[in-house]
Each structure stands twice: as structure tokens, then as C-alpha cells.
Amino acid sequence: MSLPELDPSSATLADNKKAEVFLSSAEAKPLSLKEMKTIAKRLRRHIITMTGKAGSGHPGGSLSAVEIITALYFKLLRHKPSDPQWAERDRFILSKGHAAPLLYAALAECGYFPVDELSTLRQLDSRLQGHTDRTLTPGVEMSAGALGQGLSFAIGIALSGRLNSQKHRVYVLLGDGECDEGQVWEGAMAAAHFKLDNLVAIVDNNGLQIDGWNRDVMNLDPFSEKWRAFGWRVIEVDGHDLSQLIDAFKQAKQVKGQPTVIIAHTIKGKGVSFMENKADFHGKAPNAAEVEIALKELE
Amino acid sequence: MPQEISLRETYGKTLVELGKENPNIVVLDADLSRSTMTQFFASEFPHRFFDCGIAEQNMVGIAAGLAASSKIPFASTFAVFAPGRCFDQIRMSIAQPRLNVKLVSTHGGISVGEDGTSHQSVEDLALICSLPGFTVIVPADAIETVQALRVAAATYGPFYIRICRPKVPLVYSEDYRFNLGKAVTMRQGKDVTVIAIGIMVAAALEAAGNLEQKGIDCHVLNMPTLKPIDEVAIIKAAAETGAIVTAEEHLEHGGLGSAVARVLARHHPVPIEFIAIKDTYAKSGKPAELLQRYGLTAKDIEQAVQAVVKKKG
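All of these numbers come straight from a predicted model, not from anything done at the bench. Throughout this document, residue positions are counted from 1 along each chain, in the order its sequence is written. Chains and ligands are labelled by the order in which they are written, letters from A for the one and numbers from 1 for the other. Whole-chain, interface and lining totals are the exception, using all residues; otherwise, since this is a predicted model, local features are given only for residues with pLDDT of at least 70 and side-chain atom pairs are given and counted only at 80 or more.

J.: Lay out the pairing of strand β7 (residues 159-162) of chain B with the relevant residues and their values.
T.: Residue and element names in this part refer to chain B. Exposure classes come from backbone-placed C-beta atoms, where a residue is buried if 20 or more other C-beta atoms lie within 10 Å of its own, exposed if 12 or fewer do, and partly exposed in between. We count a stretch as a helix when DSSP gives it H or I for four or more residues in a row; a strand needs E for two or more, and each element gets its number in order from the N terminus. Of the two faces of β7, the one lined by F159 and I161 and the one lined by Y160 and R162 are each fully buried. Here a strand pair is declared whenever DSSP counts at least two bridges between the two strands. With 3 bridges joining them, strand β6 (residues 135-137) and β7 adopt parallel strand pairing. When the bridges of β7 are listed, T135 appears paired with F159. Crossovers are described as right-handed under a simple rule: with the strands pointing away from the observer, the path leading from the first strand over the helix to the second runs clockwise. In this fold, β6 hands off to helix α7 (residues 142-154), which returns the chain to β7; that crossover is right-handed.

J.: Please give an account of the environment of I48(A) that cites residues and values.
T.: Residue and element names in this part refer to chain A. Following the sequence through the fold, I48 ends up in helix α2 (residues 33-54). Since 29 C-beta atoms lie within 10 Å of it, I48 is described here as buried. When the C-alpha atoms of I48 and F249 are compared, they prove to be 27 Å apart, with 201 residues separating the residues in sequence. The contact criterion used here is simple: two residues whose C-beta atoms, placed from the backbone, lie within 7 Å are in contact. Excluding residues within four positions of it along the chain, I48 makes contact with P59, V272, P286, V291, A294, L295 and L298.

J.: Before we move on, can you summarise the sheet that holds strand β7 (residues 260-265) of chain A with the specific residues and values?
T.: All names here are of chain A. Strand order across the open sheet formed by 5 strands is β1-β2-β3-β7-β6, with parallel pairing between neighbours. At either margin of the open sheet sits one strand with a lone partner, and together these are β1 (91-94) and β6 (233-238). The mean inter-strand angle of the sheet, taken between neighbouring strand axes irrespective of direction, is 20 degrees. Strands in contact with helix α10 (residues 242-254) are β3 (199-205), β6 and β7; relative to β6, the strand with the most contacts, it is inclined by about 170 degrees. Structural elements are reduced to axes, namely lines fitted to C-alpha atoms, with helices fitted over the stretch in contact, and the angle between N-to-C directions of any two is expressed from 0 to 180 degrees.

J.: Quick one: what's the story with the interface of chain B and chain A, residue by residue and with numbers?
T.: Taken together, the 23 residues of chain B in the interface contact 20 residues of chain A. Mapped by element, the contributors of at least two residues to the side of chain B that touches chain A are α4 (56-68) and α5 (87-95) of chain B. The element that contributes the greatest number of residues to the side of chain B that touches chain A is α4(B), accounting for 9 residues. Looking at side-chain class alone, the side of chain B that touches chain A contains 10 nonpolar, 9 polar and 4 charged residues. Note that Gly is not counted as nonpolar here; it falls among the polar residues with everything else outside the nonpolar set of Ala, Val, Leu, Ile, Met, Phe, Trp, Tyr, Cys and Pro and the charged set of Asp, Glu, Lys and Arg.

Here's what the structure looks like:
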């Protein structure tokens, strides 16, 4: 049984030369909420198709962060897909490196590399490794996959930006389960200590980790209070509501003298009925029949 | 007796010089700046110094992030803690992406002394040499330390430089020039070659002097760049002297001895003896007492040389 193809008539942003102008300039006409929702759906379809074809990967935690990534890559980040190393770009660090399929989908849709390449996920010699690899993939800032390391890395970039009096901002996406790692809290302490108001952490708070619900495996609560106690400005949002996310990112820009964390309440596997709130689909790809059902749901 | 100089103090002073020359150099520490001597840099360039507190994993990640945005970070703590405590962070945040981070760890080996096992790093070279792409340097004295630091600052890529706690005697004169990846002939000889690193270089030279009186002509090589190791020099020494003794302040597994044995086994097998710590942890004691207890003195090298020479065909 062959896997369903993505609709070839759905033009990607990469096809649209104006996209580059928008993505690198604050003055250009922004995408409407409706257009962003269309992109979010396309990213979900990519995640299903990619992991389905690869036969392995992490759909659950990719699907939960789709709106977060859409808000960043298609609204807030100043970046140039034609020049991934542009010195003034905002940095996005994917600390939960297993959500690589989502990041790859967004980067491809932005034009960092051809959308066709998404089908090479996890294959030998592909630029799209199972977990992100900054040496291979245009637009990927960090080699991740060993959880807990991204916040520290982001702090280094934020410190460098401040030393150079650069205006770019640094965003880092963590999983909630990832916050079991002690290094996250070392970083949380340090970012507040260094008063890094050019740094924003986002927690994809889908409530699940591999062995089950966070509260059963390793309780993180009271979660927002922890961040507050560590010296962070905390903003809680519905992580599937693009308007709330965009507002939160805008609020974060106004915060001075401390870092901001956006705790985005999300649903693992969001958008695919049989994946929602299922820890099983953390690290399991859909089979061909499941791919077909999922893509139907995402039409 | 040659002059004894602290490598840590040398490190601290050299960092200040490097900091003056290159504004991109930044320094990180994990609450040990008074011991690693990064405090000199901290006083001179407070805005380019980041004390990360007692959080080595975070320090390594921050260093990687700084390197990913064009800074040249020197990150320091004790050798037991980096690489020991933050091995995965070094692996994924520095080694895999080949970022330009310079880890300079002090208090390597058992010459740390009275602090005991928890502070004596005897596995760090095995750990760090296992990481693809790392350049690993163990300087033998203050003169070599300055030059190795300068080369590390000027050469792109991840570096690990291991220095020890006590003062060590000079084995070089001021005109010495460190060459990355090259062994250094410290003494010419024809009967056997002692290959040493760090504080064991001075011990090897002392042993060679004593052995001369016993009619054994020792060749002595310093191997300051442990990785990538100078295979040509090792093969040449084996071919010319027919027997090798390695000497290091580290466990026998995974350090200099292992690296030399690998080269010899493949290219030029000759009898070999290993001066190293034998699969155990050391205890509290004065540095000299510990070096004696765990078999890391000139006398131990002499005995190993005599044993290996007997095995020559």
C-alpha cells in the first residue's frame, strides 16, 4: 500500500518569492490568522507523512508544538531562509530534539530546503536526521536529542548577543517532560541571574512523557510557580491558539531585566484523533493505514 | 633544580594576555575561579567572564552557545567535573557539532593530593579522547602551557587542555616552540624510548639520567598532543630503539599507554611497559606520597625500562 501523497497543488511558502521578504522584514504584510492556520495544518500533514514514510520518529510531541512553531517561523522570527547564517537573525533552539519532523517541516515550508526533501527523514545520508543536527540541516541551530541541553545553549547565544549589542532574540522550545532534567533548572537559574530579557523559553506542556502522564512519572507541579520562583516572567497560554501565542510573544518583548517563559498548554498528538493524549505515539510512527486516516482528518 | 611554576597561574595569566589580544575570547567557570585561576581574567574583563555557579553541565552548554555565535569560550573547572560530570553535554553540545570551545581543566591526576578520590581525575583523558574531533593536550610545564593555550585559541575546533594542581619543574627553555600534533624529543637515546605526558615528562628525564649510569641509553619523547597522536614519532621510536615505556598520571585504560599500544600493534609491535595507575582509585595524601604509592615516580619508570629492555629480542 503506497502512502498518500501531499496535495501537489498546495503551494508552499517557498514557492512564493514574497515569502522571503515577509520573513525577513517587519514591514512586510503579515500573514492572516487564517493563512497561518492553513500552514499549521500543512505542517501536521508533513509530520504524519514523514514519520509514516520513515517508519519511525516522534509524531506526538511534534504535533503538540505545531502552533508554537507556526507562530514563530511564520510571524515572529526575523530570519532569512536564503541566508541561514545571517548574523542578525532571531535564533530558535529546538531543545526537545525529537520534534525534529516539525522543525524540518517548518524550515522546508519557509524555503530553507526543498519540501520534497522531507521524505528523506531518517534515511541514510539524509540531511534530516532522526534528531536535529546543526552540521547538516540549513536553519537548524543546535544538535539536540539528549534532553535538557537547549536552554543552556540558548543562554550562551543570548549572552553573546548582549555582548555584541545585537538586537536579535533567542527562543528555545522545551518539552515539559524534559524539565525533569536537572540541567534545565541550572539554566533557569542562570538565565534569571544574567537577566537575559532577550531570551524566551517556551514549554510545550502536553502533560505526557514516554512512561505516561508527567504527574504519575515525575510530578512537575506547581510548574509555573517553579519558573516564577527561579526569577522568570511566566505567561500561560492555550498552545493551540495562535492569537494567544502571538500575544504572549509580543508581551515577552516588553519584559525587561528577566527572561520569559511561555507555558503553552497543549495536547500531545493534537489534530489526529487516535494520537491525541496518547503516550504511545511519543516515539512511534503511524503505519500506512493510520497515515491515511490521519491525513483524512487533517484535510 | 629547575624552577617550579604553577600551570594554573600560567593559565590565568595567559588568558588575560589572550583576552587583550582578542575581544572574542570569553571565559566561563563553575565557582572555582580562585583555583583554576580564571579569576585574573574575571578581574580584567568582568563583562566577558561568566561564573556559572556549581553547575558544570549548564556551563558547558552556555560555552557551546557562545561558540555557536562566534565567541571563543574558555571554560574551566576541575578535570573530574569536566569531562566527568558533563560528558553528555560535551558530547552533544560541543563534540558532535565541532564547536570552538576550549575546555581547560585543572587538578588533573592524583597530584591533587589531600582532597582525595572525589577530586583526583584519573579517567578524564580516556573520556575526552573517546569523543570524535576533540584535540587533547597535556602540557609538561609552564612554557608549554602558554604555547598550547595560544595554539588552542588560534585553532578552530574543540580542545581539551589538562593541567595539574601542583607547581611543576620547567623542562623547556624559553626558545621552545610547541607544534600541535607533534611529539618532542627531550633526550636522544638508542636502547629504549620513554613516551611521557604532563608531570611524568620531568620524571622520565630524571629516570633517563639515572639509567645512563646503569648503562641504558634512554630516548625520551614528550607527547603533549595526546590526540591526534603523533603516530610517525611513535613508529620511528619503536623502529630505532626497539622498546617503549609510556608514562602518564592517569588510569592505564584509555590514556597515553592505550593510544601508543594501538599504534604499535598496528604498525610496529615492540615490547611495551605502562607507567600508569592500575585500575584503582587513589586516596588522600601528599602529592609526592601518592605518586610513590601508585607507581608514578622516576624510580618506577627506571624499573619499567629495565624490564622492557630485557624483553627485546
